[in-house]
Amino acid sequence: MNSGISRRGFLGAATALGVASATAVGVGVQPAAAAPIRSMPRHNQLPAPDTIDSTDPALLSATEAASLLQNGTLHPRELLDACLTRSHEYDGGIGSWIRIYPEVAYAAAEKAAQRLSSAGRASAGEAPPLVCGLPIALKDTFAVSGLPVTASSRVLEGNIAAGDSTVWRRLSEAGMVLMGHAHCDEFAIGVATAQVGNPWNPEYSPGGSSGGSAAVLAARFSPLATGTDTGGSLRLPASATGITSVKPTFGRCSTYGTIPLNWTRDHTGPMARSAADASLLLSYMAGVDANDPTTSVGPPVPAQGYPLAAQRGKSPLAGRRFGIPRTSIDELQGSLGILFAEFTDTVVALGGTLVDVTMPTYPAGLLSGDMAEAGNYHQQFSDRIGLYRPERALFVGAAIASMTVPVADYMMLAHNRLRYQHEYNRMLSEHNLDAILVPGARVDGSKRSEVAGVSLFNSVTADVSWANYTGAPVVTTPAGRSKETGLPFGVQLGGRVWDEAGLIQIVLELQAAQPFWQDAPPLRRNARQIPTSVVTQPGLGPDPTNTKNVGFSFRFVPTSSDAPINS
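What you are looking at is a predicted structure, and each value in this text was computed from that prediction instead of being measured.

Definitions and cut-offs
Residues numbered from 1 in each chain as written. Predicted model: local features only at pLDDT ≥ 70, side-chain atom pairs only at ≥ 80, totals over all residues. Heavy atoms only, no water. Helix = DSSP H or I, 4+ residues; strand = E, 2+ residues; numbered from the N terminus. Rg over C-alpha atoms; globule rule 2.2 N^0.38 Å. Buried < 20%, exposed > 50% of the residue type's maximum accessible area, 1.4 Å probe, protein only. Contact = heavy atoms within 4.5 Å. Phe/Tyr/Trp six-rings, centres within 6.5 Å; stacked < 30°, edge-to-face > 60°. Core = buried A, V, L, I, M, F, W, Y, C linked by side-chain atoms within 4.5 Å. Salt bridge = Lys/Arg side-chain N within 4 Å of Asp/Glu carboxyl O. Expected span 1.5 Å × (residues − 1). Axes fitted to C-alpha atoms, helices over the stretch in contact; angles between N-to-C directions. Parallel < 35°, antiparallel > 145°, perpendicular 65-115°, else oblique. Left-handed = near helix turned anticlockwise from the far one by under 90°. Nonpolar A, V, L, I, M, F, W, Y, C, P; charged D, E, K, R; others polar. Lys, Arg positive; Asp, Glu negative; His and termini not counted. Polar contact = N/O pair within 3.5 Å; in protein donor to acceptor, adjacent residues only side chain to side chain. Pairing = 2+ DSSP bridges. Right-handed = clockwise from strand over helix to strand, strands pointing away.

Undergrad: Any chance you could break down the overall build of the protein chain for me, citing the residues and the numbers?
TA: Helix and strand content of the protein chain: 16 helices and 11 strands. The C-alpha radius of gyration computed for the protein chain amounts to 22 Å, which stays within 12% of the reference 24 Å derived for 567 residues, consistent with globular compactness. Each of the three principal axes of the protein chain carries a C-alpha extent, and together these read 65 × 60 × 45 Å. For the protein chain, buried positions account for 61% of its 567 residues. Put simply, 81% of the contacts in the protein chain that link residues at least 6 apart link residues at least 24 apart.

In structure tokens form, the structure reads like this:
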């Protein structure tokens, strides 16, 4: 290994930032809402330490950093120092962080270091989880007890979480280090995250609504991040910034303790630079949660976690069949069409078979149900409508008005959605498909001002709603950069419900053949004093988000059935 990484090479940065204190800081009440953390995946799936060559820990991938942390070559505090230093030096031109939590982070890093030490391993009697000591950014919709959670909105200014989201509880118990909350499009409504610049070109949007999380990753401020996806919010930013995301099957990861947009479409999921990194994070995010009953519907999370390595070989995709929705492909212009064609050429070169397919037609009226759900949540803020950004105030007003949809109509919309899900499953089964390939964008970059008012329900910048209405898993992977704009472009790989592992393995093979995920934007130094917060008295709750987040008495349930359903 390159000797440029020393165990204490970056400790001086803590003093320079004025955050050297590693006093024991609490992270709030930990509700007994989730199953115990598993110590998986296996350690031998990580890169060998002697193959890792970097002089800056912030530039390490999550799996590389995990390997060095596990063997004691890298100290969690050193990794955190590097990530915070890089954030302060470069985020001025991007604005990805809404807040960081240095005291909390350094306390967690020291706790992780103890857990990773020989003494810590001996006292625990087991190997620490592979994510122990890794920094992470949470989208500003995930509650952390005693810390702000504001959905990047003035409406929730001063709001303090009453408890922990289940996702954060799992990751915290696994020893992850919370750096801060990343910006999102206000209340996760839009496709822009207009307050954040794309690290590849800050004039452009990083996508939304999880745009801040994507920017943090692309800029190498943190190796891992979380996001949510109601209408492409994990996938649009991944495509726009050249990173990888996994939108799991609906119910695979708990949504408890996250600020909602639509209870029957919201997904939480991992974001990272590579498929291996995202897969590592998913292994610790996923699982049954008593506070989110949908998480108990599907098969268990694989006992050894999700795959981290490509099998490689001459034809690793031999026997795999990939559906190509031709109408989506024909819309692509210029470089995007070329990049997609090159991507499918790689699939074929690795042994895969391409099959033209026709995606099922969206039933009429589904948007009415979406808007009614959003209105049901946002009506609690009707006295603060003037605090929303103007374009979001219009959306919220329309959403609240949509609550007048008759109950019978809403029930019919749920019926039509189930029928659509069966039709999607039938498309997969009739063609014996392992995955479908869908462009991650319809447009070659969007200026921040151009998409500031666009709701993700509109599916304007990419075809994404199919995966939220079906609940099917999707992995979005980089497929190169446009010759016209220089911006990244990604491809969505969608599959059968609960088959995250199969999709991840396919993307691991593709990324091994074409490692576009390694491309990094050429950042210009632009320092920023990022706002900080410390743990304070938790909100009153009872929901961890400290908002009224009850939802409906039923949730959408994914199914693998393809039986015909009458209109």
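Undergrad: How would you summarise the environment of L281 if you had to cite specific residues and measurements?
TA: Take L281: it is sitting in helix α9 (residues 275–285). Considering only alpha carbons, one finds L281 and A225, 56 residues apart in sequence, at a separation of 8.7 Å. With near-sequence residues (within four places) excluded, L281 lies in contact with I136, L171, M176, L224, A225, P270 and M271.

Undergrad: Quick rundown of the packing of aromatic side chains? Include the residues and the values.
TA: Applying the stated criterion across every chain yields a total of nine aromatic pairs. Ring geometry for Y420 and Y469: centres 6.4 Å apart, planes at 80°, overall edge-to-face. Note that Y420 is positioned in helix α14 (residues 407–430) and Y469 in helix α15 (residues 465–470), a separation of 49 residues in sequence. Exposure class is identical for Y420 and Y469. Each is buried.

Undergrad: Give a detailed account of the nonpolar core, specifying residues and quantitative values.
TA: Counting 102 residues, the largest nonpolar core has L134, L171, L437, F489 and L493 as its most contacted members. At eight residues, α9 tops the list of elements feeding residues into this core. Membership of the second largest hydrophobic core comes to 29 residues, among which are A151, L156, I259 and A393.

Undergrad: Can you lay out the pattern of salt bridges for me, pointing to particular residues and giving the numbers?
TA: The full count for this structure, using the stated rule, is 14 salt bridges. Its salt-bridge partner being E500, residue R252 comes within 3.8 Å of it at the nearest N-O pair. Of this pair, R252 sits in the loop between β5 (244–247) and β6 (267–272) while E500 is found in helix α16 (residues 500–513), placing the two residues 248 residues apart along the sequence. We note that R252, like E500, is buried.

Undergrad: Could you give an account of helix α12 (residues 366–378), with specific residues and numbers?
TA: Taking 1.5 Å of rise per residue, the 13 residues of α12 would be expected to cover 18 Å, and the 19 Å separating its terminal C-alpha atoms lies within 8% of that figure. With 10 of 13 residues buried, α12 is to be regarded as a mostly interior element. Residues L366, G369, D370, M371, A372, E373, A374, G375, Y377 and H378 constitute the buried set of α12.

Undergrad: Lay out the packing of α12 against α14 with the relevant residues and their values.
TA: Two numbers describe how α12 lies on α14: the axes approach to 9 Å, and their chain directions differ by 120°. One way to sum up the angle between α12 and α14 is to call them oblique. Where α12 crosses over α14, the two elements pack in a sense that is left-handed. Here L366, S368, G369 and E373 of α12 lie close against α14, whose contacting residues are Y410, L413 and R417. For the contact of α12 with α14, the class distribution of residues is three nonpolar, two polar and two charged.

Undergrad: Kindly report on the side chain of K247, identifying the contributing residues and their values.
TA: As for its placement among the helices and strands, K247 is situated in strand β5. At 6.1 Å, D229 is the nearest oppositely charged side chain to K247, a buried residue that forms no salt bridge. A polar side-chain atom of K247 sits 2.9 Å from a polar atom in the side chain of H267. Within the structure, K247 has its side chain in polar contact with the backbone oxygen of A472 (distance 2.6 Å).

Undergrad: How would you sum up the pairing of strand β9 (residues 435–439)? Please name residues and give values.
TA: For β9, the tally of buried residues reaches five of five residues, placing the bulk of the element in the interior. With burial as the criterion, each face of β9 is covered, one bearing A435, L437 and P439 and the other bearing I436 and V438. Two strands pair when backbone bridges link them, and strand β7 (residues 321–325) and β9 are joined in this way by two bridges, in the parallel orientation. Bridging across to β9, G323 finds its partner in I436. Sheet topology note: the β9/strand β11 (residues 488–494) ladder contains four bridges and is antiparallel. Counterpart to I436 in the pairing with β11 is G494.

Undergrad: Pulling in residues and values, what's your account of the packing of helix α3 (residues 76–90) against helix α4 (residues 102–116)?
TA: Relative orientation of the contacting elements α3 and α4 amounts to 150°, with a least axis distance of 8 Å. In this view, α3 runs roughly antiparallel relative to α4, as classed from their interaxial angle. Here P76, R77, L80, D81 and L84 of α3 lie close against α4, whose contacting residues are A105, Y106, A109, E110, A112, A113 and L116. For the contact of α3 with α4, the residue count by class is nine nonpolar, no polar and three charged.

Undergrad: Describe in detail the pairing of strand β3 (residues 177–182), supporting the description with residues and values.
TA: In regular strands, side chains alternate between the two faces of the sheet. Counting buried residues in β3 gives six out of six residues, a clear majority hidden from the surface. When strand β2 (residues 135–139) meets β3, the two strands line up parallel, connected through five bridges. When the sheet's bridge partners are listed, K139 is paired in β3 with A182. Taken together, β2, helix α6 (residues 166–173) and β3 constitute a β-α-β crossover, and its handedness is right-handed.

Undergrad: Let's hear about the side chain of T268: which residues, and what values?
TA: Along the chain, the position of T268 falls in strand β6. For T268, a relative accessible area of 2% translates into the label buried. Looking at T268, its side chain comes within polar contact range of the main-chain oxygen of S254, at 3.0 Å. Not counting the four nearest positions on each side in its chain, T268 is found in contact with F142, V167, G227, T228, P248, C253, S254, T255, T258 and M285.

Undergrad: Any chance you could break down unusual backbone geometry for me, citing the residues and the numbers?
TA: Phi is mostly negative for residues that are not glycine, and the peptide bonds are mostly trans. Cis geometry is adopted by the peptide bond preceding S209, which originates at G208 and carries an omega value of 10°. Positionally, S209 belongs in the loop between β3 and α7 (211–218). Between G541 and P542 the backbone carries a cis peptide bond, its omega angle lying at 15°. Among the secondary structure elements, P542 is positioned in the segment after α16.

Undergrad: Account for the environment of F250, with residues named and values stated.
TA: With respect to the helices, strands and loops of the structure, F250 is situated in the loop between β5 and β6. By relative accessible area, F250 is classed as buried at 3%. Discounting chain neighbours no more than four positions away, the residues touching F250 are W263, T264, R265, D266, H267, T294, G471, W498, F556 and P558.

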